[in-house]
Amino acid sequence: MTTQLQLENLIDIEEQYQVATYKKFPFVIERGDDVWVYTSEGERYLDLYGGHAVVSTGHSHPRIVKAITDQAQRLIFYSNLVYNDARARAAKKLVETAPELLSKAFFVNSGTEANENAMKIARMLTGRQKIISFEGGFHGRTPGSVSATGLAKYRENVSPLLEGHVYAEFGNIDSVNSLLDDDTAAIILEPIQSMGGVRMAGAQFYKSLRERCDDIGAMLIYDEVQTGMGRTGEFYFAGRFDVVPDMIALAKGIASGVPMGAVLMTDAIAGEMKPGDLGTTFGGGPLACAALEATVDVIRDEGLLENVRENSDYLFAELRKMLLVEEVRGLGYLVGIKFRDGTAKSVQQGLLEKKIITGLSEDPDVLRLLPPLTLRRPEIDLFLDGLSGIS
Ligand code: PLP
């Protein structure tokens, strides 16, 4: 166990040497096990934030650890200039999780990189400029993704933004229609806006987006960086309401915490790509691919999609009985809890005192849960008990 003196040192050292762009919880997490994390002082926290929706299979799942360890001993990295067994298996496994139409993967390293590439592909293949995204959406921090981010706060002081980005009202097809024209390359959206307060639209909205994109020859891109890899109780939001986008951007949970992203795309799109059109040094590195393969295996073998569906039904139903809760939003283990009077931050603090980690959103009324897909009923009950003790 780290002593108090060392603890202060660690926090001080991080404050001194790391650029202070994050407001951090005042503890040092040293170790994780499934839905639990342990601090340097030996305290145990229930992690309903999942390291920001990343730790899909739980912290340090033994099969992920073994896959990474075995791969590291054989080959940590080689680029896309050679074929590699881990990459071959990971690409096949990933594509097999996706709706049938999305039959090819391009590997990258992060969510923003996945979105940048998806938008670049749409512009390249259509020869058009305009990208429609949505108010309240978040797509990342690099120039293209931040330009597509509808949450205005993230675009402040980032100028010049990329040209050609316009923002429609989420859930309102008339607003989309007013922007859509024959210069539109793509519509990009988080099918459930997570950072924006866990907002989902009605089924018809997604269907209409598909229809309108087909009418005008634009591409539909789902940013499933958060909703992908099982979080909604299915591998993807894509396919829901029979809507399959042309591309899905993935990252966060796809390799259980090893940095990795991917763009899933149709055969038709992939067929237009030539050597040199896309690239990234680390994308599809063997270590990340081994982690991705093991992640898919664990999700399937441990029935984690079923687990998410069953237990989120229970979680949603119990939350809706609580007086302090005005509304419960989201799907599966992407949960937004709206409180009556802007108290999400104080509820988060109250839960933290009970050793439960949760997340906030850009909506001050909404607390977010993004737990590992392994979260089960006993820990949900612990959370519900904790929450009912806060008023
Ligand atoms: N898209 C969505 C929906 C996200 O939630 C995030 C990150 O929070 C991103 C894109 C950007 O991902 P990354 O931070 O890996 O670049």
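Above this text you will find the structure in question.
As the structure is a computational prediction, the values presented were derived from the model and not from experiment.

Analysis parameters
- Residues numbered from 1 in each chain as written.
- Predicted model: local features only at pLDDT ≥ 70, side-chain atom pairs only at ≥ 80, totals over all residues.
- Heavy atoms only, no water.
- Near = heavy atom within 4 Å.
- Polar contact = N/O pair within 3.5 Å; in protein donor to acceptor, adjacent residues only side chain to side chain.
- Areas by Shrake-Rupley, 256 points an atom, 1.4 Å probe, with all protein chains shown as cover.
- Pairing = 2+ DSSP bridges.
- Helix = DSSP H or I, 4+ residues; strand = E, 2+ residues; numbered from the N terminus.
- Contact = heavy atoms within 4.5 Å.
- Axes fitted to C-alpha atoms, helices over the stretch in contact; angles between N-to-C directions.
- Expected span 1.5 Å × (residues − 1).
- Buried < 20%, exposed > 50% of the residue type's maximum accessible area, 1.4 Å probe, protein only.
- Core = buried A, V, L, I, M, F, W, Y, C linked by side-chain atoms within 4.5 Å.
- Phe/Tyr/Trp six-rings, centres within 6.5 Å; stacked < 30°, edge-to-face > 60°.
- Lys NZ or Arg CZ within 6 Å of the ring centre and 35° of its normal.
- Parallel < 35°, antiparallel > 145°, perpendicular 65-115°, else oblique.
- Left-handed = near helix turned anticlockwise from the far one by under 90°.
- Nonpolar A, V, L, I, M, F, W, Y, C, P; charged D, E, K, R; others polar.
- Salt bridge = Lys/Arg side-chain N within 4 Å of Asp/Glu carboxyl O.

Topic: the site of the ligand
Within the structure, the ligand sits among 13 residues, and G111, T112, D223, Q226 and K252 are positioned closest to it. A distance of 2.9 Å is found between an oxygen atom of the ligand and a side-chain nitrogen or oxygen belonging to Q226. One of the side-chain N or O atoms of K252 is found 2.9 Å from an oxygen atom in the ligand. Its free accessible area being 390 Å², the ligand has 82% of it covered by the protein chains.

Some details on the sheet that holds strand β3 (residues 44-47)
Pairing is mixed across the open sheet formed by four strands, whose spatial order is β1-β2-β3-β15. Because the sheet does not close on itself, it has two edges, and the strands there are β1 (29-33) and β15 (356-357). Where β1 and strand β2 (residues 36-39) come together, four bridges link them in antiparallel fashion. Counted as the bridge partner of G32 is V37 from β2. Contacting β2, β3 and β15, helix α13 (residues 377-388) runs over the sheet at an angle of about 100 degrees to β3.

Things to note about helix α8 (residues 203-216)
When the terminal C-alpha atoms of α8 are compared, their 21 Å separation across 14 residues agrees well with the 20 Å that a helix rising 1.5 Å per residue should span. Those residues of α8 that sit buried are F205, Y206, S208, L209, R210, C213 and I216. Where α8 is buried, its residues meet β5 (130-134), α7 (173-179), β7 (184-189), β9 (199-200) and β10 (219-223).

With respect to unusual backbone geometry
With the exception of glycine, most residues fall at negative phi, and the peptide bonds are largely trans. Omega for the bond connecting S159 with P160 falls within 30 degrees of zero, at 0 degrees, which places this linkage in the cis form. Relative to the assigned elements, P160 resides in the loop between α6 (143-148) and β6 (165-168). The phi angle at S60 is positive, at roughly 50 degrees, despite the residue not being glycine. Relative to the helices and strands, S60 is located in the loop between α2 (50-53) and α3 (62-74).

Brief notes about the nonpolar core
Core analysis: the biggest nonpolar cluster contains 88 residues, and I187, L189, Y236, L319 and F383 have the highest contact counts within it. Looking at this core element by element, the count peaks at eight residues for helix α10 (residues 286-301). For Y236, the residues in contact, after removing those within four places along its chain, are L94, T97, A98, P99, E224, G228, M229, I248, L250 and L264. Of all hydrophobic cores here, the second largest spans 22 residues; its members include I131, A186, M247 and L278.

Concerning the environment of N307
In this structure, N307 sits in helix α11 (residues 304-320). A C-alpha to C-alpha distance of 35 Å links N307 and I132, two positions 175 residues apart in sequence. Discounting residues that sit within four places of it in the chain, N307 has contacts with S312, Y333, L373, T374, L375 and R376. There is a polar contact of 2.7 Å between the side chain of N307 and the side chain of N311.

Things to note about the packing of aromatic side chains
Scanning all chains against the criterion turns up 13 aromatic pairs. Aromatic pair F205 and Y206: ring centres 5.8 Å apart, planes at 70 degrees, arrangement edge-to-face. According to the relative accessible area criterion, F205 is buried, its value standing at 5%. Between the aromatic rings of Y206 and F237, the centroid separation amounts to 5.0 Å while the plane-to-plane angle is 50 degrees, which identifies the pairing as tilted. Placement of the pair is Y206 in helix α8 and F237 in the loop between β10 and β11 (247-250), with a sequence separation of 31 residues. Pair check on accessibility: Y206 and F237 agree, each one buried. Over the ring of F237 we find R240; its NZ or CZ atom is 5.6 Å from the centre of that ring. Over the face of the ring belonging to Y314 we find R377, whose NZ or CZ atom lies 3.7 Å from the ring centre.

Focus on the pairing of β7
With respect to burial, β7 is a largely interior element, six of its six residues being buried. In terms of strand pairing, β5 meets β7 through three bridges, oriented parallel. Residue pairing in the sheet places I132 in a bridge with I187 of β7. Two elements, β7 and β10, share four bridges in a ladder whose sense is parallel. The partner of L189 across the bridge, within β10, is Y222.

Notes on the packing of helix α4 (residues 85-97) against α10
At a closest axis distance of 8 Å, the pairing of α4 and α10 adopts a crossing angle of 40 degrees. In terms of axis orientation, α4 runs oblique to α10. Seen from above, α4 lies across α10 with left-handed handedness. Together, A86, R87, R89, A90, K93, L94, E96 and T97 of α4 and P286, C289, A290, L292, E293, V296, D297 and R300 of α10 make up the contact between the two elements. Classifying every residue of the contact of α4 with α10 gives eight nonpolar, one polar and seven charged.

With respect to the pattern of salt bridges
Counted by the stated rule, this structure contains 24 salt bridges. For K338, the salt bridge goes to E326, with nearest N and O atoms at 3.6 Å. With K338 in strand β14 (residues 334-339) and E326 in strand β13 (residues 325-331), this pair connects stretches of sequence that are twelve residues apart. When the shortest N-O distance is used, the salt bridge between R329 and E327 registers 3.3 Å. A relative accessible area of 15% means that R329 is categorised as buried. A single salt-bridge network, built from bridges that share partners, covers R74, D85, R89, K93, E293 and D297.

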